Amino acid sequence: MNASRENKHRLFFALWPDDVVRMQLACAADHWTRCPVAAANLHMTLVFLGGCTAEELQCSRTAAAGVVAEGFELTLDCLGGWSRARVQWLGPSGVPAVLPELVVQLQQVLAGCGFALEQRPYVPHVTLARKVRKPESRSGLEAVHWPVRDFVLVESVSVRGGVEYRVLDRWPLK
Ligand code: 2AM
């Protein structure tokens, strides 16, 4: 299908915090940044797909349903940043092995839908703020504990004044 840009869905797979974790992430964003990401948009990207056709969306859903992984605990206690992307983020000082394994598994099943495998090494992070001129690094922060029990497929929709993330589907971890 030769879909135009307008009828493509901008998609990504993510870990989606519950209200309790979201509130703690929002507090961290307020504390550490001047212009935080909207609390409702805080998440941890697993795999970014970008613009997808309806067929690719359907294929991604079917592929994700075949992923088998265990739930895990995340402890977010580090501030990090990317100067070029001008992003300030919160991340874990220790990464549970099951998280990168989940990402690799997702990437592999999504390759079956024709998506190119990500070349950048995966860096687990929750973006707290964008357009940050000098992102800082800091460790040993008061930790945000995040029990991860599922993952989601999200559509990014442009709305007046910004972007809104809509959870399209959710799959449990074991
Ligand atoms: P973010 O918005 O959750 O920070 C496309 O580049 C998207 O992939 C970015 O918006 C970012 O999601 C995420 N991303 C970029 N570099 C990444 C990396 N090294 N590891 C994990 N996610 C990354």
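Above: the structure in question.
Note that this is a predicted model, so its numbers are computed, not measured. (Residues numbered from 1 in each chain as written. Predicted model: local features only at pLDDT ≥ 70, side-chain atom pairs only at ≥ 80, totals over all residues. Heavy atoms only, no water.)

Student: Teacher, can you tell me more about unusual backbone geometry here?
Tutor: A negative phi angle characterises most non-glycine residues, just as the trans form characterises most peptide bonds. With a phi angle near 55°, Arg 86 is a residue other than glycine that sits in the positive phi range. Position of Arg 86 among the secondary structure elements: in the loop between β3 (72-82) and β4 (87-92). At Lys 131, a residue that is not glycine, the phi angle is positive and equals roughly 55°. Here Lys 131 shows up in the loop between β5 (126-129) and β6 (144-148). (Helix = DSSP H or I, 4+ residues; strand = E, 2+ residues; numbered from the N terminus.)

Student: Just checking my understanding: could you explain the side chain of Gln 107 for this structure?
Tutor: Residue placement: Gln 107 occurs in helix α3 (residues 98-111). Leaving out residues up to four positions away in the same chain, Gln 107 has contacts with Val 47, Leu 117 and Glu 118. (Contact = heavy atoms within 4.5 Å.)

Student: Would you explain helix α2 (residues 54-65) in this entry?
Tutor: For an α-helix the count is 3.6 residues per turn, leaving residues at separations of three or four pointing the same way. Taking 1.5 Å per residue, 12 residues should reach 16 Å; α2 reaches 17 Å between its end C-alpha atoms and fits that length. Turning to α2, its buried residues number three or more, namely Leu 57, Ser 60, Ala 63 and Ala 64. Looking straight down α2, one finds that the buried residues subtend no more than 130° of arc, so they occupy a single side. Summarising the geometry of α2, the exposed residues directed more than 90 degrees from the buried face are Thr 62 and Ala 65. Those residues of α2 that are buried lie in contact with β1 (9-15), β2 (44-52), α3, β7 (150-159) and β8 (162-172). (Expected span 1.5 Å × (residues − 1). Buried < 20%, exposed > 50% of the residue type's maximum accessible area, 1.4 Å probe, protein only. Arc of directions from axis to C-beta.)

Don't take any of this as a statement about function, it's just geometry.
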